[in-house]
Amino acid sequence: MDETTESKIDVDGLAFSFEEHERLKTLLHGERFRELAYSDRRYLVLGDGGETKRADRRMRVYDQLGSRSNATAFRLEDFDLSPDELALWAAAYENLCAKATHIVAVIEDYAGGYVWELGYLFHEDIREKVWVCKRDYGSETANRGHYDNGMAASHLQLLENADRTCRWTDDEDLETAIESIP
């Protein structure tokens with residue numbers, strides 16, 4: 001074995017340094033993760049983060065779902081992962097998808113990281129948990145401008161065929177759409 005192989009730990013096919021492995025264990029077995037064990041409904045809310053109107057709408061979904069009786073909403077950001085920790089992010093994402101009873105993606109376009117997230121959501125063991133709140137821009141041309149990604153569109157089409165896509169056009173409509181998620 002060479003020095004690089006010896007210094008890595010294999011976790012479900014991903015290689016981590018000892019420090020990364022310890023950080024992942026700490027993140028996934030800390031207070032926030034334990035809190036999930038006591039909720040009947042656990043909503044993992046995906047979508048834009050940061051300081052944008054899209055991120056604000058995602059937070060409204062997060063707040064609305066999390067305010068339900070015996071429910072908690074959570075996001076990957078709640079576990080203090082930074083964008084620089086890509087290997088940890090992927091492993092944490094997989095674990096959090098498994099822990100969720102519902103996975104809710106708030107989609108306004110196909111730009112950014114959630115094309116990868118959408119692809120992962122079609123693993124057989126979690127796809128039945130997935131719901132999508134997809135923004136409708138009012139016309140086929142406008143929608144095409146925001147959703148021009150064949151791979152993401154094919155993933156989402158499967159959810160639309162399964163009646164687990166809630167369409168919305170504005171903030172008020174989004175609040176109503178969320179109510180259809182069990």
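Caption draft 1: The environment of leucine 121, seen in detail. Secondary-structure assignment places leucine 121 in the loop between α6 (114–120) and β6 (130–135). When its relative accessible area of 1% is taken as the criterion, leucine 121 is described as buried. Along the backbone, leucine 121 and isoleucine 103 are 18 residues apart, and their C-alpha atoms lie at a distance of 8.5 Å. Not counting residues up to four positions away in its chain, the partners in contact with leucine 121 are Leu46, Tyr93, Cys97, Ile103, Ile126, Arg127 and Val130.

Caption draft 2: Quick peek at the side chain of arginine 57. Note that arginine 57 resides in helix α4 (residues 53–66). Residue arginine 57 is classed as buried on the basis of its relative accessible area of 9%. A distance of 2.7 Å separates polar atoms of two side chains, one belonging to arginine 57 and the other to glutamate 108. Residues in contact with arginine 57, not counting those within four places in the same chain, are Glu108, Arg135, Trp168, Asp171 and Leu174.

Caption draft 3: Up close: the nonpolar core. Ranked by size, the top nonpolar core spans 35 residues in total, and within it Leu44, Tyr93, Leu96, Cys97, Ile103 and Leu121 carry the most contacts. For this core, the leading source of residues is helix α5 (residues 86–99), giving eight residues. Leaving out residues up to four positions away in the same chain, leucine 96 has contacts with Leu28, Phe33, Leu36, Leu44, Phe74, Leu76 and Phe79. Grouped together as the second largest cluster of nonpolar side chains are 17 residues, Val61, Val104, Cys133 and Trp168 included.

Caption draft 4: Structural detail: the sheet that holds strand β3 (residues 41–46). Across the sheet, which stays open at both edges, the five strands sit in the order β4-β3-β5-β6-β7 with parallel pairing between neighbours. A single partner strand is all that each edge strand has here, and the edge strands are β4 (71–74) and β7 (165–168). Each strand axis lies, on average, 20 degrees off the axis of its neighbour in the sheet, ignoring direction. Alignment of strand β5 (residues 102–107) against β6, held across five bridges, turns out to be parallel. Bridging across to β6, isoleucine 103 finds its partner in valine 130. Each of β6 and β7 touches helix α9 (residues 171–178); the most contacted strand, β7, lies at about 160 degrees to it.

Caption draft 5: The side chain of lysine 129, seen in detail. Mapping lysine 129 onto the fold places it in the loop between α6 and β6. Buried and unpaired, lysine 129 has no salt bridge, with aspartate 125 as the nearest side chain of opposite charge at 7.2 Å. A polar contact of 3.0 Å, which involves the side chain of lysine 129, links it to the backbone oxygen of alanine 98. Not counting the four nearest positions on each side in its chain, lysine 129 is found in contact with Cys97, Ala98, Lys99, Ala100, Thr101, His102 and Ile103.

Caption draft 6: How the structure looks around the packing of helix α2 (residues 18–28) against α5. Packing of α2 against α5 brings their axes to within 10 Å, and their N-to-C directions diverge by 30 degrees. For the element pair α2 / α5, the angle class is roughly parallel. The handedness of the crossing between α2 and α5 is right-handed. Of the residues in α5, those touching α2 at Glu20, Arg23, Leu24 and Leu28 are Leu88, Ala91, Ala92, Asn95 and Leu96. Here the residues of the contact of α2 with α5 are counted per class, giving six nonpolar, one polar and two charged.

Here is what the cut-offs are and how they apply
Residues numbered from 1 in each chain as written. Predicted model: local features only at pLDDT ≥ 70, side-chain atom pairs only at ≥ 80, totals over all residues. Heavy atoms only, no water. Helix = DSSP H or I, 4+ residues; strand = E, 2+ residues; numbered from the N terminus. Buried < 20%, exposed > 50% of the residue type's maximum accessible area, 1.4 Å probe, protein only. Contact = heavy atoms within 4.5 Å. Polar contact = N/O pair within 3.5 Å; in protein donor to acceptor, adjacent residues only side chain to side chain. Core = buried A, V, L, I, M, F, W, Y, C linked by side-chain atoms within 4.5 Å. Pairing = 2+ DSSP bridges. Axes fitted to C-alpha atoms, helices over the stretch in contact; angles between N-to-C directions. Lys, Arg positive; Asp, Glu negative; His and termini not counted. Salt bridge = Lys/Arg side-chain N within 4 Å of Asp/Glu carboxyl O. Parallel < 35°, antiparallel > 145°, perpendicular 65-115°, else oblique. Left-handed = near helix turned anticlockwise from the far one by under 90°. Nonpolar A, V, L, I, M, F, W, Y, C, P; charged D, E, K, R; others polar.

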